[in-house]
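# Overview (structure and organization)
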Amino acid sequence: MPDFSLPFPGRELAQQELSYDLCYDRIPEQDRERIVEMAWQKGCDAARRVFQEQNGSTDFFAIARASGLKLLEKDVDYVAGGQRYFSDYISGQSVVNLYVKSIDLWAQQNGMDRRTAENLILSHEYFHFLEWTKLGLTSRDYQVPMLRLGPLSIGKTGIRALSEIGAHAFARTYYELAQQQEERQ
């Protein structure tokens, strides 16, 4: 395992991640910490299960392919709405797009080679795959009204940031488990 600090947000930044969600203002303040912890724990628990099931393998290319995921490397720096995207999981198609030029920039910025960066990013997307296939969508574990007119609430929507928090927890926990395993050997 390479020697670098993991460039995914840790638990300390999960609350901030929640604050970026478009529905943040609809989440009662007293629920915010609880739902962040719930999403973080879901990612950690999933990482521990997968790590055990995979006998400590850290090769998410092999793990993903063995799970039926198709991996597509696209030679682009994908920026939309002022935000750079490194990958995405396409539900229903079992496809993960890896945006190579975006990943190259991220890898350089974080002092790692592309393959290591792709593997870390793929671990994040693997959590989203698990949400759709085994775990249930973390974004739907807590819902808020879509629209509120006085005392009337219309519809419900999930909190997308919770899925991202869970995926960050999954990637970070998996990486930490692999580091611990390596230190024991």
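Preceding this section is the structure that the text describes.
Residues numbered from 1 in each chain as written. Predicted model: local features only at pLDDT ≥ 70, side-chain atom pairs only at ≥ 80, totals over all residues. Heavy atoms only, no water.

## Some details on a nonpolar patch on the surface
Together, Met146, Leu147, Leu149, Leu152 and Ile154 give the surface a local cluster of nonpolar side chains, amounting to about 470 Å² of exposed area. Looking at the nonpolar patch, the elements with two or more residues in it are strand E6 (143–149) and strand E7 (152–158). Broken down by element, the nonpolar patch gets its largest block of residues, three residues, from E6. Summarising the element assignment, Met146 is placed in strand E6. (Patch = residues over 30% accessible without salt bridge, like charges linked within 9 Å, V, L, I, M, F, W, Y side chains within 5 Å. Areas by Shrake-Rupley, 256 points an atom, 1.4 Å probe, with all protein chains shown as cover. Salt bridge = Lys/Arg side-chain N within 4 Å of Asp/Glu carboxyl O. Helix = DSSP H or I, 4+ residues; strand = E, 2+ residues; numbered from the N terminus.)

## Overview of the nonpolar core
With 33 residues, the main nonpolar core has Leu69, Tyr126, Phe170 and Tyr174 as its most contacted residues. At the level of secondary structure, the elements contributing two or more residues to this core comprise helix H2 (29–53), helix H3 (60–66), strand E5 (95–99), helix H4 (100–109), helix H5 (114–135) and helix H6 (160–184). When residues of this core are assigned to their parent elements, the largest contribution, eight residues, is made by H5. Apart from residues no more than four positions distant in its own chain, Tyr126 is found in contact with Val50, Phe60, Ile63, Ala64, Ser67, Leu69 and Phe170. Within the second largest apolar cluster, 17 residues are counted, among which are Tyr24, Trp40, Ala161 and Ala169. (Core = buried A, V, L, I, M, F, W, Y, C linked by side-chain atoms within 4.5 Å. Buried < 20%, exposed > 50% of the residue type's maximum accessible area, 1.4 Å probe, protein only. Contact = heavy atoms within 4.5 Å.)

## Observations concerning the pairing of E5
Counting buried positions over the five residues of E5 gives five, a clear majority of the element. Of the two faces of E5, the one lined by Val95, Asn97 and Tyr99 and the one lined by Val96 and Leu98 are each fully buried. With four bridges connecting them, strand E4 (residues 87–90) and E5 associate as antiparallel partners. Note that in E5 the partner of Tyr89 across the bridge is Val96. Between the antiparallel neighbours E4 and E5 lie four residues, among them Gly92 with a positive phi of about 85 degrees. (Pairing = 2+ DSSP bridges.)

Treat this as a map of the structure, not an account of what it does.
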